[in-house]
Amino acid sequence: MSWISNDSRSTAFVHGLKNISQNFAAKKLFMGNISSKIKSQTHSLSYLDSNRPHQGTLFNGYNFDDAWQSSMQVLENSSQVFLTAFLNSSAEEDNITCILNSTESLCNGTSSSWFPSLPYLNLTGNRGGGVLHQTPVETGISKDDASWVLTATFIIFTMQSGFGLLEGGCVSIKNETNIMVKNVVDVVLGGLTYWMFGYGLSFGKDPGSNFLFGWGSFFLNADEEHMGDVFTTYFFQLSFATTATTVVSGAVAERFNFVAYVIFSAVNTIVYCIPAGWLWAERGFLYQMGVIDIAGSCGVHLCGGASAFVAAILVGPRLGRYDYSETPLPMGSPTNALLGTFILWWGWLGFNCGSTLGILNDKWKYAARTAVTTVQASIGGGLVGMSISWFQNRQLEIGGVVNSILGALVSNTAGCSLYTTYEALVVGMVGGAISTLSMPLIDKLHIDDPVGATSVHGLCGFWAMIAIGLFVKADTLIGITNGRSGVLRGGGFYLLGVQLLACVVVIIWSSSITFILLKIIDKFIVSIRMSEWEELVGADFAEHGIRRGDAGITRATSVVGFEHHGHDFSKIPVKGDNPCHVLVLQRLKDLQSRRGSTLAGALSQIREENFETNAFRQLHFSKKNKNDNDDELPVNFVHPFGSDHKGNMLSTIDFALATGPLAPKSAASSKRSWTAGE
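As a starting point, this report considers the structure included with it. Source: prediction; values computed, not measured.

Cut-offs applied
- Residues numbered from 1 in each chain as written.
- Predicted model: local features only at pLDDT ≥ 70, side-chain atom pairs only at ≥ 80, totals over all residues.
- Heavy atoms only, no water.
- Helix = DSSP H or I, 4+ residues; strand = E, 2+ residues; numbered from the N terminus.
- Buried < 20%, exposed > 50% of the residue type's maximum accessible area, 1.4 Å probe, protein only.
- Contact = heavy atoms within 4.5 Å.
- Axes fitted to C-alpha atoms, helices over the stretch in contact; angles between N-to-C directions.
- Parallel < 35°, antiparallel > 145°, perpendicular 65-115°, else oblique.
- Left-handed = near helix turned anticlockwise from the far one by under 90°.
- Nonpolar A, V, L, I, M, F, W, Y, C, P; charged D, E, K, R; others polar.
- Polar contact = N/O pair within 3.5 Å; in protein donor to acceptor, adjacent residues only side chain to side chain.
- 1 Å grid on protein atoms, 1.4 Å probe; cavity = no way out; pocket = protein on both sides within 12 Å on 5 of 7 lines; lining within 4 Å.
- Points joined across faces, edges and corners; volume = space filled by probe spheres on them.
- Phe/Tyr/Trp six-rings, centres within 6.5 Å; stacked < 30°, edge-to-face > 60°.
- Lys NZ or Arg CZ within 6 Å of the ring centre and 35° of its normal.
- Salt bridge = Lys/Arg side-chain N within 4 Å of Asp/Glu carboxyl O.
- Core = buried A, V, L, I, M, F, W, Y, C linked by side-chain atoms within 4.5 Å.
- Patch = residues over 30% accessible without salt bridge, like charges linked within 9 Å, V, L, I, M, F, W, Y side chains within 5 Å.
- Areas by Shrake-Rupley, 256 points an atom, 1.4 Å probe, with all protein chains shown as cover.

1. Regarding the overall build of the chain
Next, step 1: Counting secondary structure elements, the chain contains 27 helices and 8 strands.
Next, step 2: A buried classification covers 52% of the 678 residues belonging to the chain.
Next, step 3: Put simply, 75% of the contacts in the chain that link residues at least 6 apart link residues at least 24 apart.

Next up, the structure:
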């Protein structure tokens, strides 16, 4: 048989040797010196394949096709034995070496492995995270797989918008812009420090790298030959790193000093990058033990949730948060929160599907299953969240429904490529229940978490890792689980134990480092807590000079004043007003007499009797005389819903939180008692 007639087979064989070389290199614990032999032969065959001159060419006296037939015959007899030995963690290197030796053929006086790739084995050990560094640079990622990962990363980047809208919708209006700005800071400063040292500590391979952290690749750059592999992995991991920091911003919303947060966002990279190396780098000790976290339930969400929990404790609750009740505060914009949820939902598909590392060979099958299980889990979580909300309140609480969906997505993320549709539904339902039912328990502890980051990301991230140890069945296409199954699949407790260990070490690391960083910032740089004046007037006004007419700013400044730290904030204009219209109203009398003006006729239709209630009459009178342009209520204003049982006048804030026979019922009025007399 000639080279020309068997071109496709020879090419496949050479690529097969390349793959098996990279695969063995990723399993040095088992392969040892066999790896170097296969690599050497790979280069020789690559050269031969690219320079074959004519038919019948022999390679140092050995015919290629004869070698192929011989190798395939031996492979048929030994592949099953090899599979068993490889997947058995207790297999000795000598046993595997003996099997491989039976496939060797003499070539140029040296022993070389003629061993085609086994497509159903994941010898490279890739287990998600978009990490390609287990692959030798001479093989690299294909352009099709790189396109898939990069496109997924573009989608993941839109999740910053979702987080901003969700968190902004959960807090009061006077803080929503500040939340969005914090998301910008997470990308800008968090991205800078990840480029400087985060990626290197996760996946660096220079001397000094060990099972705890990597070394090298600081201030990352790559040459033309390797930039495809390096930058694809870096970009994907960068999106993970910024997401982990963003989780913290929601938990400390409305009272965390903005300058302190800027500093924390920059240095918080260290919290994420070390566990990422444990989980996804070849040298990581959790990776070597066989941990499975495909898209970051542990490395991103549990890490971020534990950090958020500690940060919320250290900064303390918002002013007056638990003085009268532990029930959730009203959302500033439920619509924005829902819109943010949809953007996160969309982004999660990229988050999970991109972690399959491509679409070539059998990876496209895992990507398809990942998309289905991601949506399936969110459906299960949403069903549970809506059911709990309806059972408790006879209405759908927006916050509970949103967090049940997000909790389900977090719960599915670690094993998204491995679950069946039934398992994904169950995992999502449990996750939705955990996120919905645990939030009131967090409030019982007086830990103020406005967006429920501890429940959604922390507790559901923990459940996601446990679920793998329970439900997962060993896959046979690319071997993500390394042949191990969960407890309920008859695989024993090893996988469950590794998953638990990963959760414990990540929680300890994230919590302790976050505590140390925040303590250093608070003690030596700047207080992590806003001043009371800043918190009362709102971060939008105090930090960004945004003054709204419907956010309670005038009421706050009427009590605490406009002066703060030597600055006068009184000249900041009200946002949202049309200054031209304000001038028109101020010159109303002159404009009425203007020729052709229709204002006089329009104004004549307005009569005092149109204000049918005493409340509106007095409010109108007060506004005309005091020239107020904001939301401050006049002293003589009679509240349309009366006063509380102590005879105290109800303010705008009191009205929003109070319950009573005349007040509009909230979604859980029997449980949402916010009257100050409680």
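That covers the picture; the talk isn't over yet.
2. Thoughts on the packing of helix H13 (residues 297-315) against helix H18 (residues 453-471)
Next, step 1: Interaxial distance between H13 and H18 falls to 8 Å at its minimum, and their mutual angle equals 140°. On the basis of their axis angle, the class for H13 and H18 is oblique. Note that H13 runs across H18; the crossing there is left-handed. Where H13 approaches H18, its residues Ser297, Cys298, His301, Leu302, Gly305, Ala308 and Phe309 are matched on the opposing element by Ala453, Thr454, His457, Gly458, Gly461, Phe462, Ala464 and Met465.
Next, step 2: For the contact of H13 with H18, the per-class residue count stands at 8 nonpolar, 7 polar and no charged.

3. Topic: the side chain of Thr370
Next, step 1: On the secondary structure map, Thr370 appears in helix H15 (residues 363-393).
Next, step 2: Within the local environment of Thr370, its side chain forms a polar contact with the side chain of Ser417, the two groups lying 2.7 Å apart.
Next, step 3: Sequence-distant contacts of Thr370, that is, excluding residues within four places in its chain, are made with Asn352, Cys353, Thr356, Cys416 and Ser417.

4. Points about empty space enclosed by the protein
Next, step 1: All chains considered together, the criterion is met by 1 cavity of 30 Å³ or more.
Next, step 2: Volume-wise, the largest cavity comes out at about 90 Å³.
Next, step 3: If you trace the largest cavity, you find it lined by Phe163, Leu166, Glu167, Val247, Asn403, Leu406, Val451, Gly452, Ala453, Val456 and His457.
Next, step 4: Of the residues belonging to the lining of the largest cavity, the class tally is 7 nonpolar, 3 polar and 1 charged.

5. Concerning the packing of aromatic side chains
Next, step 1: Scanning all chains against the criterion turns up 19 aromatic pairs.
Next, step 2: Measuring from centroid to centroid gives 6.3 Å for Tyr194 and Tyr199, while their planes differ by 80°, and the two rings are edge-to-face. The exposure classification of Tyr194 matches that of Tyr199, with both residues buried.
Next, step 3: Taken together, the ring pairs in this structure connect Tyr194, Tyr199, Phe203, Tyr234 and Tyr272 into an aromatic cluster.
Next, step 4: The ring centre of Tyr261 lies 5.2 Å from the NZ or CZ of Lys182, which sits over that ring.
Next, step 5: Here Arg369 stacks its cationic end above the ring of Tyr366, 5.5 Å away from the centre of that ring.

6. Considering the side chain of Ser325
Next, step 1: Looking at where Ser325 falls in the secondary structure, it is placed in the loop between H13 and helix H14 (334-353).
Next, step 2: Here Thr327 takes part through its side chain, which lies 2.9 Å from a polar atom of the side chain of Ser325.

7. A few points about the pattern of salt bridges
Next, step 1: Across all of its chains, the model carries 9 salt bridges by this definition.
Next, step 2: Two residues, Asp443 and Arg321, come together in a salt bridge whose shortest N-O distance is 3.6 Å. Of this pair, Asp443 sits in helix H17 (residues 421-444) while Arg321 is found in the loop between H13 and H14, placing the two residues 122 residues apart along the sequence.
Next, step 3: Linking Lys444 and Glu326 is a salt bridge whose minimum nitrogen-to-oxygen distance equals 3.4 Å. Taken as a pair, Lys444 in helix H17 and Glu326 in the loop between H13 and H14 lie far apart in primary sequence, 118 residues in all.
Next, step 4: Assessed through its relative accessible area of 59%, Lys444 is described here as exposed.
Next, step 5: Given the relative accessible area of 28%, Glu326 is considered partly exposed.
Next, step 6: Here the salt bridges do not stand alone but share partners, grouping Glu254, Arg318, Arg321, Asp443 and Asp448 into one network.

8. Things to note about unusual backbone geometry
Note on backbone geometry: most residues besides glycine have negative phi, and most peptide bonds are trans.
Next, step 1: The backbone of Leu357 sits at a positive phi, close to 75°, despite the residue not being glycine.
Next, step 2: Locating Leu357 in the fold gives a position in the loop between H14 and H15.
Next, step 3: Of note in this structure, Asn482 is not a glycine but carries a positive phi near 55°.
Next, step 4: By the secondary structure assignment, Asn482 is in the loop between H18 and helix H19 (494-525).

9. Description of the nonpolar core
Next, step 1: Counting residues in each nonpolar core, the largest one holds 91 residues, and the members touching the most others are Tyr194 and Tyr272.
Next, step 2: Here the element with the most residues in this core is H19; it accounts for 11 residues.
Next, step 3: Counting residues in each nonpolar core, the second largest holds 5 residues, with Trp533, Val537, Phe541 and Ala542 among its members.

10. Looking at the environment of Ala308
Next, step 1: Looking at where Ala308 falls in the secondary structure, it is placed in helix H13.
Next, step 2: Classification of Ala308 as buried rests on a relative accessible area of 0%.
Next, step 3: The spacing of Ala308 and Gly458 is 150 residues in sequence and 8.4 Å in space, taken between C-alpha atoms.
Next, step 4: Contacts of Ala308, omitting those with residues within four sequence positions, involve Val247, Val248, Ala251, Ala453 and Thr454.

11. Re a nonpolar patch on the surface
Next, step 1: Side chains of Val375, Ile379, Leu383, Met386, Trp390 and Leu396 sit close together on the surface and give an oily, nonpolar patch of about 520 Å² of accessible area.
Next, step 2: Using a relative accessible area of 34% as the deciding quantity, one classes Val375 as partly exposed.

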